[in-house]
Amino acid sequence: MPVPRPLRERCREFLGTDGEIRYIFPARSYGGGAGFIFVVTDDQVAVISTGPLGRSTPKSIWGAYPRGTRIGPVETGAGASFEFGGAAFEVDDEYVPVVNAADSEVFARDTLPRDPLPDL
């Protein structure tokens, strides 16, 4: 399920960036608790805290990392989880491909599908 446009815009404003958001997905602390939004731009991976009660209002920047920082791998089985920035996160199964695509764009570009309309 795509992240709604209003949330993307709130994150863009919160980060103060005019650049393109390449990937965005919600996550939560492993085992429940605080919510987070991972925002991947051309030059950074920003992790925005949304607090324990919601996933739609940015509260603070939990961390900002260079774009070359690997987000995954995502462990699947008893729920999708990954470690990032020294913390463990859970993500809904539907966002696992987003995490994998964000990592592939930097670490395995030749595994990405060819753009069918490169001139657009």
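Higher on the page you've got the structure.
Residues numbered from 1 in each chain as written. Predicted model: local features only at pLDDT ≥ 70, side-chain atom pairs only at ≥ 80, totals over all residues. Heavy atoms only, no water.

Novice: Which parts of the structure should I look at to understand the pattern of salt bridges?
Specialist: Side chains that differ in charge, positive against negative, can pair when their charged atoms come close. Applying the stated rule across the entire model yields 8 salt bridges. The shortest N-O distance in the salt bridge between Asp42 and Arg22 comes to 3.6 Å. Here Asp42, found in the loop between strand 2 (35-41) and strand 3 (44-51), pairs with Arg22, found in strand 1 (residues 21-29); they are 20 residues apart in sequence, far enough to count as distant. Residue Glu90 pairs with Arg28 through a salt bridge whose shortest N-O separation is 3.3 Å. Residue Glu90 is located in strand 6 (residues 87-91), and its partner Arg28 is located in strand 1; the two are separated by 62 residues in the primary sequence. Members of the salt-bridge network, linked through shared partners, are Glu20, Arg22, Asp42, Arg67 and Glu105. (Salt bridge = Lys/Arg side-chain N within 4 Å of Asp/Glu carboxyl O. Helix = DSSP H or I, 4+ residues; strand = E, 2+ residues; numbered from the N terminus.)

Novice: For this particular structure, what's the right way to read the pairing of strand 3?
Specialist: It is a general feature of regular strands that their side chains alternate between the two faces of the sheet. Most of strand 3 sits out of view: 7 of its 8 residues are buried. Sheet topology places strand 2 next to strand 3; 6 bridges connect them, and they run antiparallel. Following the sheet pairing, Phe36 is matched in strand 3 by Ser49. In this antiparallel pair of consecutive strands, strand 2 and strand 3, the connection spans 2 residues. (Buried < 20%, exposed > 50% of the residue type's maximum accessible area, 1.4 Å probe, protein only. Pairing = 2+ DSSP bridges.)

Novice: Before we go on, may I ask you to explain unusual backbone geometry in this structure?
Specialist: Keep in mind that most residues, glycine aside, have a negative phi and that most peptide bonds are trans. Of note, the amide linkage connecting Gly72 to Pro73 takes the cis form, showing an omega dihedral of 10°. Secondary-structure assignment places Pro73 in the loop between strand 4 (60-66) and strand 5 (80-84).

Novice: Is there a simple way to think about the sheet that holds strand 2 in this case?
Specialist: Consider a sheet: its strands pair through backbone hydrogen bonds, and that pairing is either parallel or antiparallel. In space, the 6 strands of this open sheet follow the order 4-3-2-1-6-5, with antiparallel pairing throughout. A strand with exactly one partner marks an edge of an open sheet, and here the two such strands are strand 4 and strand 5. Strand-to-strand twist in this sheet, taken as the mean axis angle between neighbours without regard to direction, amounts to 35°. In the sheet, strand 3 pairs with strand 4 via 6 bridges, with the strands oriented antiparallel. Residue pairing in the sheet places Ile48 in a bridge with Ile61 of strand 4. (Axes fitted to C-alpha atoms, helices over the stretch in contact; angles between N-to-C directions.)

Novice: Sorry, what's going on with the packing of aromatic side chains here?
Specialist: Within a pair of aromatic rings, the relevant descriptors are the distance that separates the centres and the angle that separates the planes. Taken as a whole and assessed by the stated rule, the structure comprises 10 aromatic pairs. The interplanar angle of 65° and the centroid separation of 6.3 Å between the aromatic rings of Phe25 and Phe82 together place this pair among those described as edge-to-face. Linking Phe25 in strand 1 with Phe82 in strand 5, this pair joins segments that are 57 residues apart in sequence. Among the residues examined, Phe25 registers a relative accessible area of 0% and is labelled buried. Taking the centre distance of 5.8 Å and the plane angle of 70° together, the rings of Phe36 and Trp62 count as edge-to-face. Taken together, the positions of Phe36 in strand 2 and Trp62 in strand 4 put the pair 26 residues apart, joining distant regions of the chain. Residue Phe36 is classed as buried on the basis of its relative accessible area of 5%. Given the relative accessible area of 34%, Trp62 is considered partly exposed. (Phe/Tyr/Trp six-rings, centres within 6.5 Å; stacked < 30°, edge-to-face > 60°.)

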